[in-house]
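Single-letter residue listing:
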Amino acid sequence: MALNEATAHELITRLQQREVTARELVQATLDRIDAVDGQINAFISIDAEGALTHADEIDRRRAKNEPLGPLAGIPIALKDVLCVRGGRTTCGSKILEHYIAPYDATAVAQLRAADAIIIGKTNMDEFAMGSSCENSYFGPTLNPRDPERVPGGSSGGSAAAVAADETILALGTDTGGSVRQPAGYCGVVGLKPTYGRVSRYGLVAYASSLDQIGPISKDVEDTALLLQAIAGHDPRDSTSIDVPVPDYLAGLKDGIKGLKVGLAQEHFPAGLDAEVATAAQSAAATLADAGAELVDVQLPVAGHPEYCIGTYYLIAMGEASANLTRYDGVKYGHRAEGDLNLQEMYLRTRSEGFGEEVKRRIMLGTYALSAGYYDAYYRKAQQVRTLIRQDFEKAFTTCDILLSPVAPTTAFRLGEQTDDPLQMYLNDIYTASVNLAGIPGISVPYANGADGLPIGIQLLAPPLEEAKLLRMAYALERTTA
Amino acid sequence: MRYETVIGMEVHVELQTASKMFCGCAADHFQVEANTHICPVCTAQPGALPVINGRAMELTAMTGLALHCQIRPHNVFARKNYLYPDLPKGYQVSQYELPLCEDGWVEITSEDGPKKIGVERVHLEEDTGKLQHTGRASLIDYNRAGVPLMEIVTDASIRSADEAFDYLNKIRQVVRYLGASSGDMEKGAMRCEANISIRPEGSDEFGTKVEVKNLNSFRAVRNAIAYEVERQQQVIEEGGQVRQVTMGWDEQMGVTREQRSKETSEDYRYFPEPDLLDVHLEVEWINRVGRELPELPADKAARFSEIYGLNQKDIAVLIEDAAVAAYFEEAAQHSGADPKSVANWVTGEIFRRLNDEDVLIADAKVSPAALVELLALVKDGAINQNAAREVFTELWEKGGSPAAIVETKGLKQISDTSELDEAVAKVIEANPDAAEKIKDGNLKTVQFLMGQVMKETRGKANPQLVQELIKKQLRV
Ligand SMILES: [Zn+2]
């Protein structure tokens, strides 16, 4: 097996045993990027020189037996929504095409402290708005499993890069499913941690109350490793949770005997794609074989797309409409050329700089927050959000983990849904409610559809129960192996 | 027809915290090189997040308590959305539905005596940057962006420019006493807007209000209100209607000018700031802040009247500045000090010097102890008033001990009868006409002879004794 195809936990051992060097490993991923990324387009920026220099430094330090971080020498790709000091951070947008971040995101600083090697920044739907990675100013990313299909979104670049072995690890961000759905479509593992478990400082905001950084990797153990490196309280993020981080690897392989896995009937409606439904039911059955107990639960609000999708989009777009006001051409980023007064400068800058989907969401969000509509839309959405959270709380009184599909279908074709935003939004029916409730969720590849494309299973846990969630995911992964 | 003026005020006060409202940058921005107190947070770099300045919360709660407000235990910050280059994020983090402090009052002095002005709310927000227009370009300094800003909003119970002036003065006193703000309007640390309307006297309905912005000095507040009231009366008397507009005060021309019509009022699309958690203030914390409030101007005034028996005019002057009041008190409490003469000296000589030389009392070289010692020397007859002024001048300029200055300058009052008898005799001899006048009953001329004796003794003679001796020698 080529170096770039291995997992982080295998490679960490091999690096420690001096079987391979960080330089060889980084070179292998760079070679792979050279070979395939022209087609897949998973990356927006690649820092080959910086990565190799960093790899040499790690190798030198290892040679001197200096202490090294837990991810020493492991290549990682970052969704281009995370600020890396001195590097370009575009958010997949023309408006930030040449923006150089003046600081490191906390998660990036944590990766540096862990001695991981940042190899590049990955493609994404502009400002993380999308479910297909087609809304990027830098062109769409293709699904490595089938180049006619989308990789999912918005962290499509990160998921595709891991799936195509262009990197060992990646970080994505998940606002309504943006880590889990592309992980599902590309056949890799993707975790959205509890809201507040990973600092958002330096994550360019789409929807502040929903955004969360999450690991994308080839297997569950790698996800645990990467979560370990980035989780924790950050005084610079007021919404981050000040609770000690447990050891996610300690009990990972302890099995799931006695754990209760809940299935909500609402997640299996009549019209659901048969393959997807069968895969989820089969996954539940195999977990039962492995010692879990299956229970039926009800999610009368959280299980209904008509509540969740509306609520999710009202809140996300409302917050986004304010979060994106700062891209006005004044301080940084794209500014319209010409002899313009202030109003014209704003209008032209934003008209030129933002893509269609971003404009749509800013306008809808602005509308939802407007005087006279606020109560009917934004405030109402917050009320439904509380009901959704309560729904999950109640469900978790009778089970440890909830199991559902990640997405209603396998990866769709490029262009298939771009003309129908509403259809596109339905990609989030299993994932958006999870962000609204702030609970952790993981997407684990489980089966393949008749089209040969992966079908992912989503597992959910109560807030801060990532260790239990990972244990269940690990068990599920074993049943598919 | 006679009209009644109805005014509500909004005062913005910059808090004197070490750091800004949501980041660690220094909050100081006055005469600081442009864009040197900035960071990713206060310049709204993508991905940067706010963290609440606890001290700003505390200073606002202190102000609220000092203004007799209820302090809300559950606080929510909100985004106020609007687009302007001095506002880096495109929204101002402020408080909307749930302000920190509500329902208080301030007592002011009106024509009819003491009067309470209702304080509807005191809330916390962040300041904007500063724009500078140079020819065809505009420059922005973000040093001020994110500086904690407290907004104090009254009800519509202010009835005149004088009341507005006094209200503003009371607010400034309070924030200065609390150490919450410098309150310096000329430095922009306190900024003011007034909502002004008029109505026929006796009417309960409010007239159309006009918002006047840009009131950057106490003078501007008084003049702008007076001007605007006059303007509105004229509009009505000419058969017109006052329109609801926002006006700016043009200090130079002394007029209000329309800035924008309120008919196209902006929709700020307030919503709870998702980057901040709600702030829950413990009752114990609120109580502690209340307990630790320093003595406030009104309480100090009452106490000064009771303990020191001072008149209202002196009290008003003394308590204006807490440091001056403390100086007075330190002196007045010295054993043997006479509070009234201390007050006279502080409000007289010391104030004249502070104002003339633009120095703070904290920097004065005359200590309260030295002042008391000086007054004791006068009282005991060791020096006269003339000499006292001379000693004071020396103390003010160089400091030191009054007794030592009297000694080295030879200012000790001459109260020795035989020595003075000689001087008086000499003066009478030199001024026979004056002596005659006095003998004829023109006692005013005694003053003239006294002056001559003072001259003779280089100002050191005990004036009372001199007067007695003149009368005695002339047998009147
Ligand atoms: Zn700052």
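Calculation notes
Residues numbered from 1 in each chain as written. Chains lettered and ligands numbered in written order. Predicted model: local features only at pLDDT ≥ 70, side-chain atom pairs only at ≥ 80, totals over all residues. Helix = DSSP H or I, 4+ residues; strand = E, 2+ residues; numbered from the N terminus. Rg over C-alpha atoms; globule rule 2.2 N^0.38 Å. Buried ≥ 20, exposed ≤ 12 C-beta atoms within 10 Å, placed from the backbone. Contact = placed C-beta atoms within 7 Å. Domains from an automatic or database assignment. Nonpolar A, V, L, I, M, F, W, Y, C, P; charged D, E, K, R; others polar. Core = buried A, V, L, I, M, F, W, Y, C linked by C-beta atoms within 7 Å. Expected span 1.5 Å × (residues − 1). Bend = angle between axes of the 7 residues up to and from the residue. pLDDT = per-residue confidence, 0-100. Pairing = 2+ DSSP bridges. Axes fitted to C-alpha atoms, helices over the stretch in contact; angles between N-to-C directions. Parallel < 35°, antiparallel > 145°, perpendicular 65-115°, else oblique. Left-handed = near helix turned anticlockwise from the far one by under 90°.

Draft legend 1. Structural detail: the overall build of chain A. Within chain A one finds 15 helices and eleven strands. Rg of the C-alpha trace for chain A: 21 Å, near the compact-globule value of 23 Å for 481 residues, within the 12% margin. Taking the principal axes of the C-alpha coordinates as reference, chain A spans close to 65 × 55 × 45 Å. Within the span of chain A, comprising 481 residues, buried residues form 60% of the whole. A sequence separation of at least 24 residues applies to 76% of the contacts in chain A between residues at least 6 apart.

Draft legend 2. A look at the overall build of chain B. If you tally the helices and strands in chain B, you get 15 helices and 16 strands. Computed over C-alpha atoms, the radius of gyration of chain B comes to 30 Å, more than 25% over the 23 Å expected from 2.2 N^0.38 for 476 residues, which places it beyond the range of a compact globule. In terms of overall dimensions, chain B has a C-alpha envelope of 90 × 55 × 50 Å along the principal axes.

Draft legend 3. The arrangement of the domain arrangement of chain B in detail. Taken domain by domain, chain B consists of domain 1 (3-288), domain 2 (299-409) and domain 3 (417-474). When each unit is reduced to the centre of its C-alpha atoms, the spacing between domain 1 of chain B and domain 2 of chain B is 38 Å.

Draft legend 4. Layout of unusual backbone geometry. A cis amide bond links G153 of chain A with the next residue in sequence, S154 of chain A, at an omega value of 5°. Even without being a glycine, A128 of chain A presents a positive backbone phi close to 65°. With respect to the element layout, A128 of chain A can be found in the loop between β3 (117-122) and α5 (156-163). The residue N35 of chain B is not glycine, and still its phi comes out positive at about 55°. Relative to the assigned elements, N35 of chain B resides in the loop between β1 (3-14) and α1 (54-66). We classify N35 of chain B as partly exposed; it has 14 C-beta atoms within 10 Å.

Draft legend 5. Quick peek at the interface of chain B and chain A. Counting from both sides, the interface comprises 25 residues of chain B and, opposite them, 33 residues of chain A. Of the residues in the side of chain B that touches chain A, the class split is 15 nonpolar, five polar and five charged.

Draft legend 6. Here's a closer look at the nonpolar core. I76 and L459 of chain A are the most contacted members of the largest nonpolar core, which totals 225 residues. The residues contacting I76 of chain A, other than those within four sequence positions of it, are L111, A116, I117, I118, I119, T167, I168, L169, A170 and L171 of chain A. Counting 35 residues, the second largest nonpolar core, distinct from the first, contains A331, A332, W345 and L395 of chain B.

Draft legend 7. Structural context of helix α8 (residues 339-357) of chain B. All names here are of chain B. Between the first and last C-alpha of α8 there are 25 Å, a value that for 19 residues agrees with the 27 Å anticipated at 1.5 Å per step. Taking the largest bend as the criterion, α8 deviates by roughly 35°, centred on F351. Turning to α8, its buried residues are V342, A343, W345, V346 and I350. The elements touched by buried residues of α8 are α6 (312-319), α7 (322-332) and α9 (368-379).

Draft legend 8. Quick look at the confidence of the model for chain B. Summarising the model, chain B shows a mean pLDDT of 92, and 99% of its residues fall at 70 or more. This prediction of the complex comes with two scores: 0.90 for pTM and 0.97 for ipTM.

Draft legend 9. The arrangement of helix α3 (residues 218-237) of chain B in detail. The end-to-end C-alpha separation of α3 of chain B is 29 Å, in line with the 28 Å expected for 20 residues at 1.5 Å each. One or two positions beyond α3 of chain B, positive phi appears at G239 of chain B, with a value near 85°.

Draft legend 10. View of the sheet that holds strand β4 (residues 78-81) of chain B. Residue and element names in this part refer to chain B. With respect to topology, three strands assemble into an open sheet ordered β5-β4-β15, the strand pairing being antiparallel. Where the open sheet ends on each side, the last strands, each with one partner, are β5 (91-94) and β15 (271-272). Where β4 and β5 come together, four bridges link them in antiparallel fashion. Of the residues in β5, the one forming a bridge with A78 is S94.

Draft legend 11. Structural detail: the pairing of strand β9 (residues 137-141) of chain B. In this sheet, β9 of chain B lies alongside strand β8 (residues 130-134) of chain B in antiparallel orientation, the contact comprising five bridges. For L131 of chain B, the partnering residue across the bridge sits in β9 of chain B and is I140 of chain B.

Draft legend 12. Expanded view of the pairing of β4 of chain B. Residue and element names in this part refer to chain B. Side chains of β4 alternate between two faces, with A78 and K80 and R79 and N81 buried alike. Judged from the two bridges that link them, β4 and β15 form a sheet pairing that is antiparallel. When the bridges of β15 are listed, A78 appears paired with P272.

Draft legend 13. Layout of the packing of helix α10 (residues 385-398) of chain B against helix α11 (residues 402-409) of chain B. Residue and element names in this part refer to chain B. α11 packs onto α10 with a crossing angle of 110° between their chain directions and a minimal axis gap of 10 Å. Between α10 and α11, the angle is such that the two are roughly perpendicular. In this structure, α10 crosses over α11, and the sense of that crossing is right-handed. Contacts from A387, E390, V391, E394 and L395 in α10 reach P402, I405, V406 and K409 in α11. Across the contact of α10 with α11, the residue classes tally to six nonpolar, no polar and three charged.

Draft legend 14. Here's a closer look at the sheet that holds strand β5 (residues 189-192) of chain A. Residues and elements named next belong to chain A. Read across the open sheet, the eleven strands follow the order β1-β3-β2-β4-β6-β5-β10-β11-β9-β7-β8; overall the sheet is mixed. Strands with a single pairing partner mark the edges of an open sheet, and in this sheet they are β1 (43-46) and β8 (293-297). Between one strand and the next, the sheet's axes are offset by a mean angle of 30°, whatever the strand orientation. As paired elements, β5 and strand β6 (residues 212-217) share two bridges and run antiparallel to each other. From the neighbouring strand, V189 faces β6, where its bridge partner is S217. Running at roughly 5° to strand β10 (residues 441-448), helix α15 (residues 466-480) makes contact with β9 (401-405), β10 and β11 (454-460) of the sheet.

Draft legend 15. Spotlight on the environment of D125 of chain A. All names here are of chain A. By secondary structure assignment, the location of D125 is in the loop between β3 and α5. Taking the number of C-beta atoms within 10 Å as the measure of exposure, D125 has 31 and is therefore buried. Measuring from C-alpha to C-alpha, the distance between D125 and K468 comes to 31 Å, with 343 residues separating the pair along the chain. Residues within four places of D125 in sequence aside, it is in contact with G92, G130, C133, N135, S136, G153 and S154.

Draft legend 16. Local environment of the environment of I429 of chain A. Residue and element names in this part refer to chain A. Within the fold, I429 resides in the loop between α13 (421-425) and α14 (432-437). Using a count of 24 C-beta atoms within 10 Å as the deciding quantity, one classes I429 as buried. Each residue touching I429, except ones within four places of it in the same chain, is listed here: P305, C308, I309 and P408.

Draft legend 17. Structural detail: the packing of helix α13 (residues 432-439) of chain B against helix α14 (residues 445-456) of chain B. All names here are of chain B. Axis separation between α13 and α14 bottoms out at 9 Å; the angle between their running directions is 145°. Helix-helix and strand crossings are classified by hand; for α13 and α14 the assignment is left-handed. Residue-level inspection shows A434, K437 and I438 of α13 in contact with α14, the latter providing T445, V446, F448 and L449. When the residues that make up the contact of α13 with α14 are grouped by side-chain class, the tally is five nonpolar, one polar and one charged.

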